[in-house]
Amino acid sequence: MATRLKAISASAVGAPALERVNGAVRPSVFGNSRELEQPQVRIPAGFTLDQRNQADGLGLLRGLADDGFPLCIFDPQYRGVLDRQRYGNEGSRQQERSTLPQMDEKQIIDFIKEIGRSLMPSGHLLLWIDKFHLCTGMSHWFSGTQLATVDLIVWNKMRFGMGYRTRRKSEYCLVMQKVPLRAKGVWRSHDIPDVWDEKIDTGGFTHAKPVTLQTKLIEALTNTCDIVIDPAAGSFSVLEACRRTNRRFLGCDIRG
């Protein structure tokens, strides 16, 4: 199945934004429009747009063509902090977490390699990471790709988690971009703070992510009817965000 995506919004046409600096007017380094157009893409056999597909996310990614998608949101199922601190597998509070299929580092790198290949030039990967990997480093995950870090968003979950010392109440969204790196004409929204407060109803899902934040990011990084990839969908919060923004969703989870 092939589909043609309309990508350039009406706001993309017209005079460039201007800003005044020391009394002088000059073209702004920011912009409120997108100049990127998603090419025609083919949906891999066995997958349906805007549905909760049950499948291996790596299989989905390997079925995608090169340079075809503006945005991927990836939430690996890893437990860097929990495994290192030796809790997470005991007690009723963590029983669900301990039964979830875990991705080892090699699997995460394989996912990122395929994501980088399938993203359009100047497309973005939003990678959810935990504090352990943020502090210990994961730059080697991107070796051999055309992805570079361009920003970081802290999600304040507004509730206490665990911790031997400080109690965790935040997670992190690493913003990666495929070369060429640029913001103007690509990132259209400039009202997203780098610390985002959002308390969510997990719906019983251990790793649910904030729908409103993901909605804002999808609006900033895609055009109406663009396809957003989510190869490890979990609670399918990205699907809900796509529905709110009139974007298409292509994603799956191994548990459905």
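In this text, all values refer to a predicted model and were calculated from it rather than measured experimentally. Positions within a chain are numbered from 1, following the residues in the order the chain's sequence is written. Reporting of local features is limited, given that this is a predicted model, to residues whose pLDDT is at least 70; pairs of side-chain atoms are given and counted only at 80 or more, and all residues count toward the totals for whole chains, interfaces and linings. Just so you know, side-chain values use all the structure's heavy atoms and leave hydrogens and water out.

Visitor: Can you tell me about the sheet that holds strand E11 (residues 227–230), naming the residues and giving the values?
Guide: The criterion for strand pairing is that DSSP finds at least two bridges linking the strands in question. A helix here means a DSSP run of H or I that spans at least four residues, while a strand means a run of E at least two residues long, and both kinds are numbered starting from the N terminus. Spatial strand order, E5-E12-E11-E6-E7-E9-E8-E10: eight strands in an open sheet with mixed pairing. Both outer strands of the open sheet, strand E5 (53–54) and strand E10 (195–197), are each paired with one neighbouring strand and no more. With six bridges connecting them, strand E7 (residues 119–129) and strand E9 (residues 170–178) associate as antiparallel partners. Paired with His124 across the two strands is Gln177, which belongs to E9. Contact between two residues is taken to exist if any of their heavy atoms lie within 4.5 Å; hydrogens are not considered. To get an axis, a line is fitted to the C-alpha atoms, and for a helix only the part in contact is used. The angle between two axes follows their N-to-C directions and goes from 0 to 180 degrees. Packing against the sheet, helix H4 (residues 105–118) makes contact with strand E6 (69–74), E7, strand E8 (147–156), E9 and E11, and its axis sits at approximately 150° to E7. Strands E6, E11 and strand E12 (248–253) of the sheet are contacted by helix H7 (residues 237–245), whose axis makes an angle of about 170° with E12.

Visitor: Any details on the packing of aromatic side chains? Residues and values, ideally.
Guide: Stacked, tilted and edge-to-face pairs are distinguished by plane angle, under 30 degrees for stacked and over 60 for edge-to-face with tilted covering the rest, among Phe, Tyr and Trp rings (Trp via its six-membered ring) whose centres lie within 6.5 Å. Here the structure, examined in full by the defined rule, presents three aromatic pairs. Their ring planes at 5° and their centres at 5.0 Å tell us that Phe74 and Phe111 sit as a pair that is stacked. Taken together, the residues span a long stretch of sequence, with Phe74 in strand E6 and Phe111 in helix H4 at a distance of 37 residues. The residues Phe74 and Phe111 share a single accessibility class, namely buried. Measuring from ring centre to ring centre gives 5.9 Å for Trp128 and Trp155, while their planes differ by 70°; the resulting arrangement is edge-to-face. Only protein chains enter the accessibility calculation, which uses a 1.4 Å probe. A residue is then buried if its area is under 20% of the maximum for its type, exposed if over 50%, and partly exposed in between.

Visitor: Explain the packing of helix H6 (residues 211–221) against H7 to me, and be specific about the residues and the numbers.
Guide: The interhelical angle for the contact between H6 and H7, taken along N-to-C directions, is 55°, at an axis separation of 9 Å. With respect to H7, the axis of H6 lies oblique. Relative to H7, H6 is oriented so that their crossing is right-handed. Of the residues in H7, those in contact with Val211, Thr212, Gln214, Thr215, Ile218 and Glu219 of H6 are Ser237, Val238, Glu240, Ala241, Cys242, Arg244 and Thr245. Throughout, the ten residues Ala, Val, Leu, Ile, Met, Phe, Trp, Tyr, Cys and Pro are labelled nonpolar, Asp, Glu, Lys and Arg are labelled charged, and all others, Gly among them, are labelled polar. When its residues are assigned to classes, the contact of H6 with H7 shows five nonpolar, five polar and three charged. Orientation categories follow fixed angle ranges, with anything under 35 degrees roughly parallel, anything over 145 roughly antiparallel, 65 to 115 roughly perpendicular, and all other angles oblique. Crossing handedness is read from the near helix: turned anticlockwise from the far helix by less than a right angle, it gives a left-handed crossing, and turned clockwise, a right-handed one.

Visitor: Tell me about the environment of Cys242, and please be specific about residues and values.
Guide: If you trace the backbone, Cys242 turns up in helix H7. When residues no more than four places from it in sequence are discounted, the contact partners of Cys242 are Ile218, Val228, Arg247, Arg248 and Phe249.

Visitor: Give a detailed account of a nonpolar patch on the surface, specifying residues and quantitative values.
Guide: Taken together, the side chains of Val150, Val179 and Leu181 present a nonpolar region at the surface, about 220 Å² in accessible area. When you line up the elements, Val150 lands in strand E8. The exposure class of Val150 is partly exposed, given its relative accessible area of 37%. Patches were defined on residues exceeding 30% relative accessible area and lacking a salt bridge, with like-charge contacts within 9 Å and nonpolar side-chain contacts (Val, Leu, Ile, Met, Phe, Trp, Tyr) within 5 Å. Methods summary: accessible areas were calculated by the Shrake-Rupley approach with a probe of 1.4 Å, and residue burial reflects only the protein chains presented. Any carboxyl oxygen of Asp or Glu that lies within 4 Å of a side-chain nitrogen of Lys or Arg is treated as forming a salt bridge with it.

Visitor: Could you give me a rundown of the nonpolar core, with the residues and numbers involved?
Guide: One finds Phe74, Ile112, Leu125, Leu127, Trp141, Phe142 and Leu250 to be the most contacted residues of the largest nonpolar core, which totals 34 residues. Going through the elements one at a time, helix H1 (57–62), E6, H4, E7, E9, E11 and E12 are the ones with two or more residues in this core. In this view, Leu125 contacts Cys72, Phe74, Ile115, Leu119, Leu147, Leu174, Val175 and Met176; residues no more than four positions away in its chain are not counted. For the purposes of this section, nonpolar cores are sets of buried Ala, Val, Leu, Ile, Met, Phe, Trp, Tyr and Cys residues that join through side-chain atoms within 4.5 Å. In this structure, Cys173, Ala220, Leu221 and Cys242 belong to the second largest nonpolar core, which totals 28 residues.

Visitor: Explain unusual backbone geometry to me, using residue names and the numbers behind them.
Guide: Residue Pro180 is reached from Val179 by a cis peptide bond, and omega for that bond is 0°. Its identity is not glycine, yet Phe236 carries a phi of approximately 60°, on the positive side. Within the fold, Phe236 resides in the loop between E11 and H7. Of note in this structure, Asn246 is not a glycine but carries a positive phi near 60°. Residue position: Asn246 is located in the loop between H7 and E12. Judged by relative accessible area, which is 47%, Asn246 ranks as partly exposed.

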